[in-house]
Amino acid sequence: MWIRDGFISLVEDCVPDSTLSANLLSREAPITGALVSPLEAESGTTDNTEHTLGTISTDAGQYQLVPALVNQYLFLSSSMAVSSASLCSRVRLRGEFNLIAVKQVWGRLMECHPMLRSYFHSPASATKISDFSLRVLDKVVPPEPAVRDLKAIQAAQQNALLDAEEICWKSNTWDFRCWPLHRFQVFILSEDTFEVFFVNTHLISDGISNQIIIKEFVANYTLLMQQKSLPPTPYS
């Protein structure tokens, strides 16, 4: 894997790197896989019902209850005030796109990073932010990644569309009582070029952590495309 012309190439093995920005989802081109509009997916509710957009494994349903961290109080309060605290990272890859590999890597990242399996819970009796707790699910199945095929439009149009969707995602509404609190989307730009977007609420990951997740995504995806086994998880 190596950098060429601002892209990460998957054809040679090297130390992975990433180009970060944006926070995107497109809604005007043919769809491959499942697509959920951010406004539909994140509409939220005002009651204390718990929701999931992904799938909690049937032999799981189990979770660890963790008190909300003090440094999460600020983001919880700001999320309740404006319903938005979105972050987003973006990497453009040059190489073969494989949806099955994307799903496998997403699942592995959730195994390695408990915050990607987490959502917040507030009891009906909650009167202050310290009453909130974090539920870390033991086993989950990632939602179907949203994939958008943009090969039919010119590069300038692709970039303009992505820039517009960045604005959309930056004001995205997250229901922090709903798992997952992150998303992966893929935009296919040409036969050998695609972009991956990692979108999340600031409650579960910051900018530096997002860079780690993107680098691990690229490294693990490259291993799978080279028909190599993924490294064991830290909990194996």
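Below: a short report on this structure. Every value quoted in this text rests on a predicted model; they were computed, and no experiment measured them. (Residues numbered from 1 in each chain as written. Predicted model: local features only at pLDDT ≥ 70, side-chain atom pairs only at ≥ 80, totals over all residues. Heavy atoms only, no water.)

The final tally for this structure, using the stated rule, is ten aromatic pairs. Ring geometry for Phe-194 versus Tyr-221: centroids 5.8 Å apart, planes at 65 degrees, classification edge-to-face. On the criterion of sequence distance, the pair formed by Phe-194 in strand 14 (residues 193-201) and Tyr-221 in helix 5 (residues 207-225) is long-range, its members being 27 residues apart. Tyr-221 shares its class with Phe-194; the two are buried. Judged by centre distance (6.2 Å) and plane angle (5 degrees), the ring pair of Phe-217 and Tyr-221 falls under stacked. Taken together, the residues span about one helical turn, with Phe-217 and Tyr-221 both in helix 5 at a distance of four residues. Residue Phe-217 is classed as buried on the basis of its relative accessible area of 0%. Take Tyr-221: its relative accessible area is 0%, and that puts it in the buried class. (Phe/Tyr/Trp six-rings, centres within 6.5 Å; stacked < 30°, edge-to-face > 60°. Helix = DSSP H or I, 4+ residues; strand = E, 2+ residues; numbered from the N terminus. Buried < 20%, exposed > 50% of the residue type's maximum accessible area, 1.4 Å probe, protein only.)

Right, let's get into the pattern of salt bridges. According to the stated counting rule, one finds seven salt bridges in the structure shown. Its salt-bridge partner being Asp-131, residue Lys-128 comes within 3.4 Å of it at the nearest N-O pair. The exposure class assigned to Lys-128 is partly exposed, which follows from its relative accessible area of 49%. For Asp-131, a relative accessible area of 24% corresponds to the partly exposed category. The residue Lys-151 makes a salt bridge to Asp-149 at a minimum N-O spacing of 2.6 Å. Its relative accessible area of 34% is what places Lys-151 among the partly exposed residues. The buried category is assigned to Asp-149, whose relative accessible area is 18%. Because the salt bridges share partners, they merge into one network encompassing Arg-90, Arg-92 and Glu-195. (Salt bridge = Lys/Arg side-chain N within 4 Å of Asp/Glu carboxyl O.)

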